[in-house]
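The primary structure of each chain is shown beneath.
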Amino acid sequence: EVPSFRHENPAKPLHATDTSVVLSSADKFPSVAKDGKRSNAADEDHPRDVVVKLMKHKKQFDNEVEHRKGLDSKLVVRVICKSSDADLETKWVEALPDKYSAYKFGIVMPAAERNLMDAMLKERVDLALAKEIFYALAMGLQHLHDHGRIHGDFKPGNVVRMFNGKWLLIDM
């Protein structure tokens, strides 16, 4: 299934750089297990909001996908599906708003509630919460290092709180 995109304000993506853009999807995806297969039928009743990260360059796309392989989705935001999946490859670009036609590659990920920078600026972060966040980040970074990877852009904007309250790493 190719994700559709919110059209309320397509000129304002959630995040954008010269080579990538992150859009909200108007769709909700069912939960998906680590092996990429949909979880049991009960999960179909609890679809999740997703974001779509679009990229112009195949190398950037390949890096995004490769750097997440084998990582624990309890520590790192996982990919639900990608534009190169056999059932999406030919449909992907056709589903994009015209403004994003240059972005030939994309990944769909669970949406986050907010990033750490936003939380630090808009919420009261007491000592207990700071310890919880620090521990989650230390575990995530240790997990990356245990798998022979480093986080090349570690900053508050690349740490997100999911809707279940867990803090995860993004943008490796």
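Summary of the structure given here. (Residues numbered from 1 in each chain as written. Predicted model: local features only at pLDDT ≥ 70, side-chain atom pairs only at ≥ 80, totals over all residues. Heavy atoms only, no water.)

1. A short note on the overall build of the protein
Applicable threshold: Under the DSSP-based scheme used, a helix requires at least four consecutive residues in state H or I and a strand at least two consecutive residues in state E, with every element numbered from the N terminus. Buried residues are those whose accessible area, probed at 1.4 Å on protein chains only, stays under 20% of the maximum for their type, while exposed residues exceed 50% and partly exposed ones sit between those limits. Contact definition: two residues touch when any of their heavy atoms are within 4.5 Å. Using a 1.4 Å probe, the Shrake-Rupley method yields the accessible areas, and only the shown protein chains count as cover for residues.
For the protein, the count of helices and strands is five helices and eight strands. For the protein, the α and β elements follow one another from N to C terminus as β-β-α-β-α-β-α-β-β-α-α-β-β. Classification of the 172 residues of the protein by burial places 39% in the buried group. Counted over contacts in the protein with a minimum sequence separation of 6, partners at least 24 positions apart contribute 65%. As presented, the protein carries roughly 10,100 Å² of accessible surface, and 53% of it is formed by carbon and sulfur atoms.

2. Here's the deal with helix α2 (residues 58–68)
Short version of the rule: Arc definition: directions from the helix axis to the C-beta atoms.
Of the positions making up α2, those classed as buried are Phe61, Glu64, Val65 and Arg68. Buried residues of α2, seen end-on, are gathered within an arc of 90° and therefore sit on one face of the element.

3. Remarks on a nonpolar patch on the surface
Stated precisely, the cut-off is as follows: Residues forming no salt bridge and having over 30% relative accessible area are the ones grouped into patches, like charges within 9 Å of each other and nonpolar side chains (Val, Leu, Ile, Met, Phe, Trp, Tyr) within 5 Å. In the sections that follow, a salt bridge refers to a side-chain nitrogen of Lys or Arg positioned within 4 Å of a carboxyl oxygen of Asp or Glu.
A cluster of nonpolar side chains, namely Met117, Met120, Leu121 and Val125, defines an oily patch on the protein surface of about 370 Å² accessible area. Along the chain, methionine 120 turns up in helix α4 (residues 116–122).

4. Things to note about the pattern of salt bridges
Opposite charge on two side chains lets them pair, provided their charged atoms get close. With the rule as written, the count across this model stands at 11 salt bridges. Measuring nitrogen to oxygen at the nearest pair gives 2.5 Å for the salt bridge that ties arginine 68 to glutamate 64. In this pair, arginine 68 and glutamate 64 both sit in helix α2, four residues apart, roughly one turn of the helix. Each member of the pair arginine 68 and glutamate 64 is classed as buried. Note that arginine 161 and glutamate 113 form a salt bridge whose closest N and O atoms lie 3.2 Å from each other. Of this pair, arginine 161 sits in strand β7 (residues 159–161) while glutamate 113 sits in the loop between β5 (105–110) and β6 (114–115), and the two are 48 residues apart along the sequence.

5. Side note on the environment of leucine 116
Checked against the element boundaries, leucine 116 lands in helix α4. Classification of leucine 116 by relative accessible area gives buried; the value is 8%. A sequence separation of 40 residues divides leucine 116 from proline 156, and the C-alpha atoms of the two residues are 4.9 Å apart. In contact with leucine 116, other than residues within four places in its own chain, are Ile133, Leu137, Pro156, Val159 and Trp167.

6. Let's talk about helix α5 (residues 127–146)
This is how it is decided: To estimate the expected span of a helix, count its residues, drop one, and scale the result by 1.5 Å.
Compared with the 28 Å implied by 1.5 Å per residue over 20 residues, the 28 Å span of α5 between its first and last C-alpha is a close match. Restricting attention to buried positions, one finds in α5 the residues Leu129, Ile133, Ala136, Leu137, Gly140, His143 and Leu144. Looking straight down α5, one finds that the buried residues subtend no more than 120° of arc, so they occupy a single side. Among the exposed residues of α5, those oriented more than 90 degrees off its buried face are Leu127, Ala128, Lys131, Phe134, Tyr135 and Asp146. Check the buried side of α5 and you find it contacts α4, β7 and β8 (167–169).

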